[in-house]
Amino acid sequence: MRLPRAAAPLLPLYPRAEAALPPRRAAVRAAGQVESKAKGKPQKQICQVVLDHFEKQYTAELGDAWASVRDVLTYPLCWQYAVLLNKFSQSSELESTMVVKGYHPAFHGSLPYLPSSLKCYIRRTPGRFPAQKHQAGKLKEYYLLNAASLLPVLALEVKDGEDVLDLCAAPGGKSVAILQCACPGQFHCNEYDDLRSRWLKQTIESFIPEPLVNLIMVSKLDGRQIGDLKPELYDKVLVDAPCSNDRSWLFSSDIQQATLRLIQRKELSSLQFELLRADVRSRKQGISAQFSCWLVKWAAAATAGQLQRRKAARGTVETVLVLRSSSIAFVACFL
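Remember, predicted model here, so these are calculated numbers, not experimental data.

1. Notes on the overall build of the chain
Of the regular secondary structure elements, the chain holds 11 helices and 13 strands. Counting only residues that meet the buried cut, the chain has 52% of its 335 residues in that class. Expressed as a percentage of contacts within the chain between residues at least 6 apart in sequence, the contacts between residues at least 24 apart total 75%. For the chain, the accessible area works out to roughly 15,600 Å², and carbon and sulfur atoms hold 52% of it.

2. Topic: the packing of aromatic side chains
Under the defined criterion, the tally for this structure stands at five aromatic pairs. Between Tyr58 and Trp66 the ring centres are 5.2 Å apart and the planes differ by 45°, which places this aromatic pair in the tilted class. Here the two residues Tyr58 and Trp66 agree in accessibility, since each one is buried. On the numbers, 5.1 Å between centres and 80° between planes, the contact of Phe129 with Tyr142 is edge-to-face. You can see Phe129 sitting in the loop between β5 (120-122) and β6 (142-145) and its partner Tyr142 sitting in strand β6, a full 13 residues away along the chain. Residue Phe129 is classed as buried on the basis of its relative accessible area, which comes to 8%. We classify Tyr142 as buried; its relative accessible area is 8%. These aromatic residues form a ring-pair network of at least three members: Phe54, Tyr58 and Trp66.

3. Some remarks on the pairing of strand β8 (residues 186-190)
Buried residues dominate β8, accounting for four of its five residues. Of the strand pairs in this sheet, strand β7 (residues 163-166) and β8 are connected by four bridges, and their pairing is parallel. Along β8, the bridge assignment pairs Leu165 with His188. Read as a crossover between parallel neighbours, the route from β7 over helix α5 (residues 173-181) to β8 is right-handed.

4. Let's talk about the sheet that holds β6
Ordered by their spatial adjacency, four strands build an open sheet running β4-β5-β3-β6, and the pairing between neighbours is antiparallel. Only two strands of the sheet have a single partner each, and these edge strands are β4 (104-105) and β6. Pairing of strand β3 (residues 82-85) with β6 involves four bridges; the strand directions are antiparallel. Among the inter-strand pairings, Leu85 is bridged to a residue of β6, identified as Tyr142. Helix-sheet contacts for helix α3 (residues 92-100) involve β3, β5 and β6, and the interaxial angle to β3 is about 160°.

5. Details of the pattern of salt bridges
As enumerated under the stated definition, the model contains 11 salt bridges in all. A salt bridge links Asp240 to Lys174; the shortest N-O distance between them is 2.9 Å. Of this pair, Asp240 sits in strand β10 (residues 236-240) while Lys174 sits in helix α5, and the two are 66 residues apart along the sequence. We classify Lys174 as buried; its relative accessible area is 10%. The residue Asp246 makes a salt bridge to Arg265 at a minimum N-O spacing of 2.8 Å. Here Arg265 lies in the loop between α9 (255-264) and α10 (268-282) and Asp246 lies in helix α8 (residues 246-250), a separation of 19 residues in the sequence. In this structure, Asp246 and Arg265 share a single accessibility class: buried.

6. With respect to the side chain of Glu191
Tracing the backbone shows Glu191 in the loop between β8 and α6 (194-207). If near-sequence neighbours (up to four positions away) are discounted, Glu191 is found in contact with Leu167, Cys168, Ala169, Ala170, Arg196, Ser197, Leu200, Ser219 and Lys220.

Quick notes on the rules
- Residues numbered from 1 in each chain as written.
- Predicted model: local features only at pLDDT ≥ 70, side-chain atom pairs only at ≥ 80, totals over all residues.
- Heavy atoms only, no water.
- Helix = DSSP H or I, 4+ residues; strand = E, 2+ residues; numbered from the N terminus.
- Buried < 20%, exposed > 50% of the residue type's maximum accessible area, 1.4 Å probe, protein only.
- Contact = heavy atoms within 4.5 Å.
- Areas by Shrake-Rupley, 256 points an atom, 1.4 Å probe, with all protein chains shown as cover.
- Phe/Tyr/Trp six-rings, centres within 6.5 Å; stacked < 30°, edge-to-face > 60°.
- Pairing = 2+ DSSP bridges.
- Right-handed = clockwise from strand over helix to strand, strands pointing away.
- Axes fitted to C-alpha atoms, helices over the stretch in contact; angles between N-to-C directions.
- Salt bridge = Lys/Arg side-chain N within 4 Å of Asp/Glu carboxyl O.

See below:
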């Protein structure tokens, strides 16, 4: 199997998520509450129905690793703990402050693709950097995210002048990260959902300056149809496919909706496959990356398996690489 140049060096850290996960923390409180250290008062309530379902399913699938994963899922201070700096609004004072607070670069070593303009910081102790509010006409200095979200961006190895599609772009973190790495010739950010599309536009406005922001195309197309609408148009395609969203549903206040979601989540692998197929059709020969937050073993395997069968039937050669840790699944496809 031939690996994308940026993917191979990530393999050693991926199964243990050493660059992406903070240390294990005891997080499930007896009353089902999660404490906020920042405010010192109870914040979110864990939905017991969902947690019970996860306990049964993931104990069987992940074994001993589930205990550590559960601690991260149920502890909000472990979420969005990484800070991606915005090169379009640089602040040396901000970097100095982060170092004083114990932050350090998320990625170490000599990765084949790690632009100096991509600066992401993490720290080992759980905590969250204060979020910046959207202000019209003012660029934000940083974007909060999980460091693992940058893995598919690194695997794409986007270069200046390449035509890039972010197929399911909202809320926009990976789009922002791509623009920290390079200046695409054409950058198409697509999001089908109305509310999430507005969120995407706001993110782009908050991080990308004019005139560059005017060169970004934002659309609300059904991602499954883009391959037919824009065949073989892009050099690189990123598919951040809809996922089971376990973390959000774990804190759902609507037990009925959460229970329904648990039933519907098995249908998502089919949607992921359709989106990945659209990616193949819209792309010139090159690299694409599908990234999805699945804990479930069958999810990534089902998507990759369907694509491999499809490509074999069409007589073309394509490699599908599934990288997994206990928290995320990442499918890289390239010709």
